[in-house]
Amino acid sequence: MARGTIRYWAAAKEASGAAEEPFEAGTLAELLAEVTRGRAELARVVGRSSFLVDGHPVGRRAHETVVLADGVTVEVLPPFAGG
């Protein structure tokens with residue numbers, strides 16, 4: 001089980017009510033399940049978001065396969081509107 005920090009940006013920050021929070025989880029899937037439990041709006045935003053793990057894009061990899069290391073930072077990047 002890794003300990004780290006999850007950082008929320010834009011709509012994810014608003015939905016979570018925090019810029020970041022500590023976590024304990026083994027995989028990205030476990031982390032997302034943990035942080036969205038009982039937080040419907042955050043779950044909605046996270047479902048549309050992309051993720052960086054220590055600055056590296058997760059891309060289309062299955063979240064169950066993304067193993068988290070101790071001290072990791074996971075960033076939640078909701079879709080951004082542009083013009």
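The following refers to the structure shown. Note that the coordinates shown come from a computational prediction; the quantities given were computed from them, not determined experimentally.

1. A short note on the overall build of the chain
Per the secondary structure count, the chain includes three helices and five strands. When the helices and strands of the chain are placed in sequence order, the string is β-α-β-α-α-β-β-β. Here the C-alpha atoms of the chain give a radius of gyration of 12 Å, agreeing with the 12 Å that 2.2 N^0.38 yields for 83 residues. With the C-alpha coordinates of the chain rotated into their principal frame, the extents come out at 40 × 25 × 20 Å. Among the 83 residues that make up the chain, the fraction classed as buried is 36%. Summing over all exposed atoms, the chain offers an accessible surface of approximately 4,900 Å²; the carbon and sulfur share of this is 53%.

2. Details of unusual backbone geometry
With glycine set apart, most residues show a phi of negative sign, and most peptide bonds adopt trans. Non-glycine residue Ala-10 carries a positive phi angle of around 50°. Along the polypeptide, Ala-10 turns up in the loop between strand S1 (2-8) and helix H1 (11-16). For Ala-10, a relative accessible area of 42% translates into the label partly exposed. Of note, the phi angle at Asp-54 is positive, near 50°, even though the residue is not glycine. Tracing the backbone shows Asp-54 in the loop between strand S3 (50-53) and strand S4 (56-57).

3. A look at the pairing of S3
With burial as the criterion, only one face of S3 is covered, namely that bearing Phe-51 and Val-53; the residues Ser-50 and Leu-52 on the opposite face remain uncovered. Strand direction decides the pairing type here: S3 and strand S5 (residues 72-77), joined by four bridges, are antiparallel. Among the inter-strand pairings, Val-53 is bridged to a residue of S5, identified as Val-74. Note: S3 against S4, two bridges, orientation antiparallel.

4. Re the pairing of S1
Residues Ala-2, Gly-4, Ile-6 and Tyr-8 point to one face of S1 and are all buried, whereas Arg-3, Thr-5 and Arg-7, pointing to the other face, are not buried. In the sheet, S1 pairs with strand S2 (residues 20-25) via six bridges, with the strands oriented antiparallel. Paired with Arg-7 across the two strands is Glu-20, which belongs to S2. Where S1 meets S5, five bridges bridge the pair, whose relative direction is parallel. In the strand pairing of S5, Gly-4 is matched with Val-72.

5. With respect to helix H2 (residues 28-36)
Inspection of H2 places Leu-28, Leu-31, Leu-32, Val-35 and Thr-36 among the buried residues, and these make up the whole buried set. Seen from one end, H2 has its buried residues packed into an arc of 115°, which puts them on one side. At its buried positions, H2 is contacted by S1, S2, helix H3 (40-46), S3 and S5. Note on H2: the residue one or two positions beyond its end, Gly-38, has a positive phi of about 75°.

Parameters at a glance
Residue indices follow the written sequence of each chain, beginning from 1 at its first position. Note on the predicted model: pLDDT of at least 70 is required for a residue's local features to be given, and 80 or more for side-chain atom pairs to be given and counted; whole-chain, interface and lining totals, by contrast, use all residues. Neither water nor hydrogens contribute to the side-chain values; these are computed over all heavy atoms in the structure. Under the scheme used here, helices are H or I runs from DSSP no shorter than 4 residues and strands are E runs no shorter than 2 residues, and both carry numbers assigned from the N terminus. Throughout, radius of gyration means the C-alpha value; the globule benchmark is 2.2 Å times the number of residues raised to the power 0.38. Exposed residues in this analysis have more than 50% of their type's maximum accessible area, buried residues have under 20%, and partly exposed residues fall in between, with area computed by a 1.4 Å probe over protein chains only. Reported accessibility uses the Shrake-Rupley method at a 1.4 Å probe radius. Residues are deemed covered only where the shown protein chains occlude them. Between any two strands, at least two bridges found by DSSP are needed for them to pair. Here, the arc refers to the directions that run from the helix axis to the C-beta atoms. Between two residues, a contact is recorded if the distance between any of their heavy atoms is within 4.5 Å.

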